[in-house]
Amino acid sequence: MSTGTKPASTKKRKSKTKNPPGLNQVVINWREEELHNNIQQFTYPSDLGIQFSTANSTALDAPPGYMTLYTDFFREGNFRLPMSKFIGDALTGYGLHISQINALGLHRVTHLEFICRAQRIV
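Residues numbered from 1 in each chain as written. Predicted model: local features only at pLDDT ≥ 70, side-chain atom pairs only at ≥ 80, totals over all residues. Heavy atoms only, no water.

Caption draft 1: Structural view of the side chain of Thr110. Tracing the backbone through its elements, the reader meets Thr110 in helix α4 (residues 103-118). Among all residues touching Thr110, those that are not within four sequence positions of it are Gly77, Asn78 and Ile87. (Helix = DSSP H or I, 4+ residues; strand = E, 2+ residues; numbered from the N terminus. Contact = heavy atoms within 4.5 Å.)

Written as structure tokens, this is what we have:
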């Protein structure tokens, strides 16, 4: 017969989900070799002064005059340097800085640019 009580050995499961860390908590973790591979793959202009992050740095630790851009921004968002005038105008029109967009959002803006160019709107 069941008494409706839980057995003494039943333990409550702990939640395995955690809140995602903020920008000041995520440590940039990649090798300098990967940076050089990306520079060759995306053919960045040499005058950009691209720097490799120091050990244990975060996205907020960029030196003055620099900003952190992630590889996914270029691979998934189809971002290229120098940035096109269309993307610059679109971001300015919405009051956004390039660092405020994620790769998926940037992909949508570049897709809009491709459509506008194909239709000869710009």
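Caption draft 2: Focus on α4. Across its 16 residues, α4 extends 22 Å between first and last C-alpha, which sits within 8% of the 22 Å expected from 1.5 Å per residue. As for α4, its buried residues are in contact with α2 (71-75) and α3 (85-93). Regarding α4, its N-cap is Asn102, as a side-chain oxygen of that residue lies 3.2 Å from the backbone nitrogen of Leu104 further along. A positive backbone phi angle near 60° is found at Arg120, which sits one or two residues after α4. (Expected span 1.5 Å × (residues − 1). Polar contact = N/O pair within 3.5 Å; in protein donor to acceptor, adjacent residues only side chain to side chain.)

Caption draft 3: Quick peek at the nonpolar core. Of all hydrophobic cores here, the largest spans 11 residues; its members are Phe42, Tyr44, Phe73, Phe74, Phe79, Ile87, Leu91, Ile98, Ile101, Leu106 and Val109. When contributions to this core are tallied by element, the ones reaching two or more residues are α2, α3 and α4. Apart from residues lying up to four places away in sequence, Phe74 is in contact with Phe42, Tyr44, Leu69, Phe79, Arg80 and Leu81. (Core = buried A, V, L, I, M, F, W, Y, C linked by side-chain atoms within 4.5 Å. Buried < 20%, exposed > 50% of the residue type's maximum accessible area, 1.4 Å probe, protein only.)

Caption draft 4: Main features of the packing of aromatic side chains. Summed over the entire model, instances satisfying the criterion amount to 2 aromatic pairs. Taking 5.4 Å as the distance between ring centres and 55° as the angle between the ring planes, the aromatic pair formed by Phe74 and Phe79 counts as tilted. Accessibility expressed as a relative area gives 4% for Phe74, which makes it buried. Classification of Phe79 by relative accessible area gives buried; the value is 2%. (Phe/Tyr/Trp six-rings, centres within 6.5 Å; stacked < 30°, edge-to-face > 60°.)

Caption draft 5: Seen up close, the pattern of salt bridges. Taken as a whole, this structure holds 2 salt bridges when the rule is applied. Of the charged contacts in the structure, one is a salt bridge between Lys85 and Asp89, with a shortest N-O distance of 2.8 Å. Residue Lys85 and its partner Asp89 are located together in helix α3, separated by 4 residues, close to a single helical turn. Judged by relative accessible area, which is 63%, Lys85 ranks as exposed. A salt bridge links Glu113 to Arg117; its shortest N-O distance comes to 2.9 Å. Highlighted residues: Glu113 and Arg117, both in helix α4, separated by 4 residues, approximately one helical turn. The exposure class of Glu113 is buried, given its relative accessible area of 6%. (Salt bridge = Lys/Arg side-chain N within 4 Å of Asp/Glu carboxyl O.)

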